[in-house]
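Given next are the chains, with one letter for each unit.
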Amino acid sequence: ARLRQYISSRRRAVLILLSVLTFALLLAMPRCRNAAPATVHDLAVYHPIRPALPATDKKRPDPIKWLEENSNNRHSVVDGYMSNFGFGSGKPRAALISLVRNSELEGMMQSMRQLEYRWNRKYRYPWIFFNDEPFTEDFKAGTRNLTAAKCYYEVVPRGHWSLPDWIDESRFMNSLEYLGTIGVGKGWMVSYHHMCRWNSGFFYKHPFLKNYDWYWRVEPDVHYFCDIDYDVFRFMRDNNMKYGFNMNILDDARSFPSLWTRTRAFAAAHLGLIHPEADLGWLLDPQAGGEYNNCQFFSNFEIGSLNFWRGEGNEAYFNWLDKAGGFYYERFGDAPVHTLSVAMFVPKSEIWYFRDIGYQHDINHHCPPHREAKCSCQPTKMDENFYKLVPLESPQRKPADTCIRQFLGG
Ligand code: GDP
Ligand code: MN
């Protein structure tokens, strides 16, 4: 009987031990998955053109190291839920934002499907749609259906989408006709001027964004080619980034003939607002006496800080341009305006080139050639050359790529 008692008490002990172990294992499971051997992120390949900061400089974040440590979905939706209950470092207050018309539902669904599949199904950041008129039930139903995240549908306040009173309407009408005649892209559309102005100086002022710090701008009909296996908003926050881009263009300079003169005048009048580490060198054309070379961050893709745009420098700059009427008498685009603002008020170490996010907008596309990034695009010869750092004078190079090279090299 003693022996039997001994055995049964042992069995009980073993049972208790087993259940404790199972419990512990269950608890540890999400961590184990997180701890899976990290594949070195392909960004690490680019140390030569964008060196990681020296290890001794402890104050400054090291974005490449961050990516090595935080890829593989370490911060999945589970972590997001946990942070809602007060654990972890907290999920950034961020959203996917899109200005879009009801008539662009199909295109919006295309962009959403790809971005959800490649990224947001893992992170569930809310979608916020903006429109100058109310969204239809069709639009809401079609988009809501594509995500597990929350969706919000917001109308732009009238005052953010109308002619300011200092604009001379007949001069604006003449400009529309002129821009149409010379063929400046969409320059004859009244709504296009409102749109460029809204994206330049108003989106971050929308009351609904008051409680948000970060945004990812998404347009209808764009493509996202690659799996993104880290939380881009945490990346921005943890590394103190202000602005992220992934393509550059050289836009039609006839849309902003006075922009550079006005920007120079602004800078001269507000020297105190210019960031001490600002670097506009990559935007100047030495062959044209230091004029603006028209390089622009292609702003239909942006991952950025709303608080940067809300800051004193950008506000002063936007108002300066707006008062002079350049959004109406000319066709200032949000791309050059954002580019110049970022260049004046943000040090380069806080601007990030998302070269790992494969992307297409109309004829412009970008396909990272490093296959470990799991992309559904074929890198072109140009993509390959770009990553091989073919010299600038190479004829195979897209002209706008020189903008990125200048940005990285300066
Ligand atoms: P492009 O990329 O410069 O050719 O300009 P788009 O026509 O793509 O417009 C840029 C963004 O603004 C897109 O997300 C459009 O859906 C949006 N957009 C442009 N005009 C309007 C408009 O009048 N109303 C609304 N709601 N969205 C607009
Ligand atoms: Mn577009």
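The rules behind these values
Residues numbered from 1 in each chain as written. Chains lettered and ligands numbered in written order. Predicted model: local features only at pLDDT ≥ 70, side-chain atom pairs only at ≥ 80, totals over all residues. Heavy atoms only, no water. Donors = N, O, S within 2.8 Å, 3.2 Å for Na, K, Ca; no water. Helix = DSSP H or I, 4+ residues; strand = E, 2+ residues; numbered from the N terminus. Near = heavy atom within 4 Å. Polar contact = N/O pair within 3.5 Å; in protein donor to acceptor, adjacent residues only side chain to side chain. Areas by Shrake-Rupley, 256 points an atom, 1.4 Å probe, with all protein chains shown as cover. Nonpolar A, V, L, I, M, F, W, Y, C, P; charged D, E, K, R; others polar. Phe/Tyr/Trp six-rings, centres within 6.5 Å; stacked < 30°, edge-to-face > 60°. Buried < 20%, exposed > 50% of the residue type's maximum accessible area, 1.4 Å probe, protein only. Salt bridge = Lys/Arg side-chain N within 4 Å of Asp/Glu carboxyl O. Pairing = 2+ DSSP bridges. Axes fitted to C-alpha atoms, helices over the stretch in contact; angles between N-to-C directions. Parallel < 35°, antiparallel > 145°, perpendicular 65-115°, else oblique. Contact = heavy atoms within 4.5 Å. 1 Å grid on protein atoms, 1.4 Å probe; cavity = no way out; pocket = protein on both sides within 12 Å on 5 of 7 lines; lining within 4 Å. Points joined across faces, edges and corners; volume = space filled by probe spheres on them. Disulfide = S-S within 2.5 Å.

Protein coordination at the manganese ion (ligand 2) comes from Glu219 (OE) and His361 (NE2), with a distance range of 2.0 to 2.2 Å. Here histidine 361 lies in strand 13 (residues 359-361) and glutamate 219 lies in the loop between strand 4 (214-217) and strand 5 (223-224), a separation of 142 residues in the sequence.

Of all residues adjacent to ligand 1, which total 14 residues, the nearest are Leu99, Glu104, Asn131, Lys186 and Tyr192. Leucine 99 places a main-chain nitrogen or oxygen 2.7 Å from an oxygen atom of ligand 1. Protein burial of ligand 1: of its 570 Å² of free accessible surface, 87% is covered by the chains. Considering each element in turn, the shell around ligand 1 owes the most residues, three residues, to helix 7 (residues 190-201). Here the shell around ligand 1 is composed, by residue class, of six nonpolar, three polar and five charged.

Here the structure, examined in full by the defined rule, presents 48 aromatic pairs. With a centroid separation of 5.6 Å and an interplanar angle of 80 degrees, the aromatic rings of phenylalanine 129 and phenylalanine 139 are classed as edge-to-face. In this pair, phenylalanine 129 is assigned in strand 2 (residues 127-131) and phenylalanine 139 in helix 5 (residues 137-144), connecting sequence segments ten residues apart. The same class applies to phenylalanine 129 and to phenylalanine 139, which are both buried. Both rings, one in phenylalanine 203 and one in tyrosine 204, keep their centres 5.3 Å apart while their planes meet at 85 degrees; by these two values the pair is edge-to-face.

What the rule picks out here adds up to 16 salt bridges. Close ionic contact of lysine 205 with glutamate 315 constitutes a salt bridge, the shortest N to O distance being 3.3 Å. Of the two residues, lysine 205 sits in the loop between helix 7 and strand 4 while glutamate 315 sits in helix 11 (residues 312-323), which places them 110 residues apart along the sequence. We note a salt bridge from arginine 254 to aspartate 252, for which the minimum N-O separation is 2.8 Å. Of the residues examined, aspartate 252 reaches a relative accessible area of 24% and is grouped as partly exposed. A cluster of three or more residues bridged by salt bridges with shared partners is formed by Arg217, Glu219 and Asp334.

By way of backbone hydrogen bonds, the strands of a sheet pair with one another, either parallel or antiparallel. Across the sheet, which stays open at both edges, the seven strands sit in the order 3-2-1-4-11-6-12 with mixed pairing between neighbours. Among the strands making up the open sheet, the edge pair consists of strand 3 (151-155) and strand 12 (351-353). Taken over all neighbouring pairs, the strand axes of this sheet differ in orientation by 20 degrees on average, direction set aside. Judged from the four bridges that link them, strand 4 and strand 11 (residues 302-305) form a sheet pairing that is antiparallel.

At a closest axis distance of 10 Å, the pairing of helix 7 and helix 11 adopts a crossing angle of 155 degrees. Relative to helix 11, the element helix 7 is oriented roughly antiparallel. Seen from helix 7, the contacting residues are Arg197, Ser200 and Gly201; seen from helix 11, they are Glu315, Phe318 and Asp322. Within the contact of helix 7 with helix 11, the residues separate by chemical class into one nonpolar, two polar and three charged.

Here the largest pocket defines a volume of roughly 1100 Å³. Along the wall of the largest pocket there are 49 residues; nearest its centre are Lys186, Tyr192, Met195, Glu219 and His361. Elements with a contribution of two residues or more to the lining of the largest pocket: strand 1 (94-99), strand 2, helix 7, strand 4, strand 7 (248-250) and helix 12 (334-345). Counted by class, the lining of the largest pocket contains 21 nonpolar, 14 polar and 14 charged residues.

A few words now on the state of the cysteines. Scanning the entire structure with this criterion turns up three disulfides. Here cysteine 367 pairs with cysteine 377 through a disulfide, and the sulfurs are 2.1 Å apart. Taking the torsion about the S-S bond as the criterion, the cysteine 367 to cysteine 377 disulfide, at about 90 degrees, is right-handed. Of the two residues, cysteine 367 is situated in the loop between strand 14 (364-366) and helix 13 (381-387) and cysteine 377 in the loop between strand 14 and helix 13; the sequence distance between them amounts to ten residues. Per residue, the accessibility class of cysteine 367 equals that of cysteine 377, and both read buried. Assigning the bonded cysteines of the protein consecutive numbers by sequence position, one obtains the connectivity 1-4, 2-6, 3-5.

Strand order in the open sheet formed by three strands is 5-13-14, and the pairing between neighbours is antiparallel. Bordering the open sheet on either side are strand 5 and strand 14, each of which pairs with just one other strand.

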